[in-house]
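Analysis of the macromolecular model
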Amino acid sequence: GVQLQFHTMPTNSTGYAKRWTIDQVGDLIPASTSTGIVLGATTNVAANTLSDYEEGTFTPNLIDTSNNAITSYTTRVGEYTKIGDIVHYFIHIEINAKGSALGGNYMKISGLPFTPTGNTGQYPASTAHAGINTGSNGFFASVYSNNAFLYLFEGSANDTTDQLEPADFADGDAMQLIGTYKTAS
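Here is a short report on the structure shown in this document.

Cut-off values and rules
Residues numbered from 1 in each chain as written. Predicted model: local features only at pLDDT ≥ 70, side-chain atom pairs only at ≥ 80, totals over all residues. Heavy atoms only, no water. Helix = DSSP H or I, 4+ residues; strand = E, 2+ residues; numbered from the N terminus. Rg over C-alpha atoms; globule rule 2.2 N^0.38 Å. Buried < 20%, exposed > 50% of the residue type's maximum accessible area, 1.4 Å probe, protein only. Contact = heavy atoms within 4.5 Å. Areas by Shrake-Rupley, 256 points an atom, 1.4 Å probe, with all protein chains shown as cover. Lys, Arg positive; Asp, Glu negative; His and termini not counted. Charge placed at Lys NZ, Arg CZ, Asp CG, Glu CD. Phe/Tyr/Trp six-rings, centres within 6.5 Å; stacked < 30°, edge-to-face > 60°. Lys NZ or Arg CZ within 6 Å of the ring centre and 35° of its normal. 1 Å grid on protein atoms, 1.4 Å probe; cavity = no way out; pocket = protein on both sides within 12 Å on 5 of 7 lines; lining within 4 Å. Points joined across faces, edges and corners; volume = space filled by probe spheres on them. Nonpolar A, V, L, I, M, F, W, Y, C, P; charged D, E, K, R; others polar. Core = buried A, V, L, I, M, F, W, Y, C linked by side-chain atoms within 4.5 Å. Pairing = 2+ DSSP bridges. Axes fitted to C-alpha atoms, helices over the stretch in contact; angles between N-to-C directions.

We now examine the overall build of the protein. Within the protein, the regular secondary structure consists of zero helices and 15 strands. In summary, the protein has a C-alpha radius of gyration of 22 Å against a globular reference of 16 Å for 185 residues, an excess of more than 25%. Evaluated residue by residue, the protein yields a buried proportion of 31% over its 185 residues. In the protein, the proportion of contacts linking residues at least 24 apart, taken out of those at least 6 apart, comes to 58%. Carbon and sulfur atoms make up 49% of the accessible area of the protein, which totals about 10,400 Å². Within the protein, the 16 negative side-chain charges are centred at a point lying 13 Å from the centre of the 7 positive side-chain charges.

Written as structure tokens, this is what we have:
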């Protein structure tokens, strides 16, 4: 197909090197993965270079702390957008059959597309739910450093949080979570 290529001559060379290509469908592609688009600067400074953008899907799993999983789902959707080292995610889970294999102490959602950095403590998520036994205290979730999963919590009467247990879930329960975390990859 037809392409438009951009070449420059490095200062320490006499030959031209390909830097960017616009392909036949209009995509702008760098010649090297070590380059990116410099934003808000007149020179290539790493802090101002957008070098990674990705959209995709992942499969979230509702599991207990012993890694036992829900038996089946009516809906299980995970979507993400990664811009640089920031991951934005959306999760929708509806339990079809909880099953009886859950024996771990607490529940969590595994399968996040990237592992969070170890530089900070936690990244809270916005949540909505139907049917999960949280009483009137609310439903919370957080991604913790170095763990590619979300811990699930309920509020409590004394302004603390308690991790959700397998007994707090039943067939037909549903949840949606949306959040952001930082990754090293």
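What the rule picks out here adds up to six aromatic pairs. Here Tyr-144 and Tyr-151 contribute two aromatic rings whose centre-to-centre distance is 5.0 Å and whose plane-to-plane angle is 85°, an arrangement assigned as edge-to-face. Judged by its relative accessible area of 21%, Tyr-151 is partly exposed. Between the aromatic rings of Phe-149 and Tyr-151, the centroid separation amounts to 5.0 Å while the plane-to-plane angle is 85°, which identifies the pairing as edge-to-face. Three or more aromatic residues joined by ring pairs make a cluster, and in this case those are Tyr-144, Phe-149, Tyr-151 and Phe-153. Over the ring of Phe-114 we find Lys-82; its NZ or CZ atom is 5.3 Å from the centre of that ring.

Further remarks concern the layout of surface pockets. If you add up the space inside the largest pocket, you get close to 210 Å³. Contributing to the lining of the largest pocket are Trp-20, Leu-28, Pro-30, Ser-32, Thr-33, Thr-35, Gly-36, Ile-37, Leu-50, Ser-51, Asp-52 and Tyr-53. Grouping the amino acids of the lining of the largest pocket by side-chain chemistry returns six nonpolar, five polar and one charged.

Once that is clear, we can look at the nonpolar core. The biggest cluster of nonpolar side chains holds 28 residues, and the ones touching the most others in it are Leu-62, Leu-150, Leu-152 and Leu-177. Tallying contributions element by element places strand β9 (residues 86–97) first for this core, with five residues. Beyond its immediate sequence surroundings of up to four residues, Leu-150 is in contact with Tyr-89, Ile-91, Lys-108, Ile-109, Leu-112, Ala-125, Ala-141, Ser-142, Val-143 and Leu-177.

What follows is about the sheet that holds strand β3 (residues 28–30). Read from one edge of the open sheet, three strands run β1-β2-β3, paired in antiparallel fashion. Either end of the sheet is taken by a strand with one partner, and the two such strands are β1 (4–8) and β3. For this sheet, the mean angle separating the axes of adjacent strands, direction not counted, is 25°. Relative to β3, strand β2 (residues 17–22) runs antiparallel, the two sharing three bridges. Bridged to Trp-20 within β3 is Pro-30.

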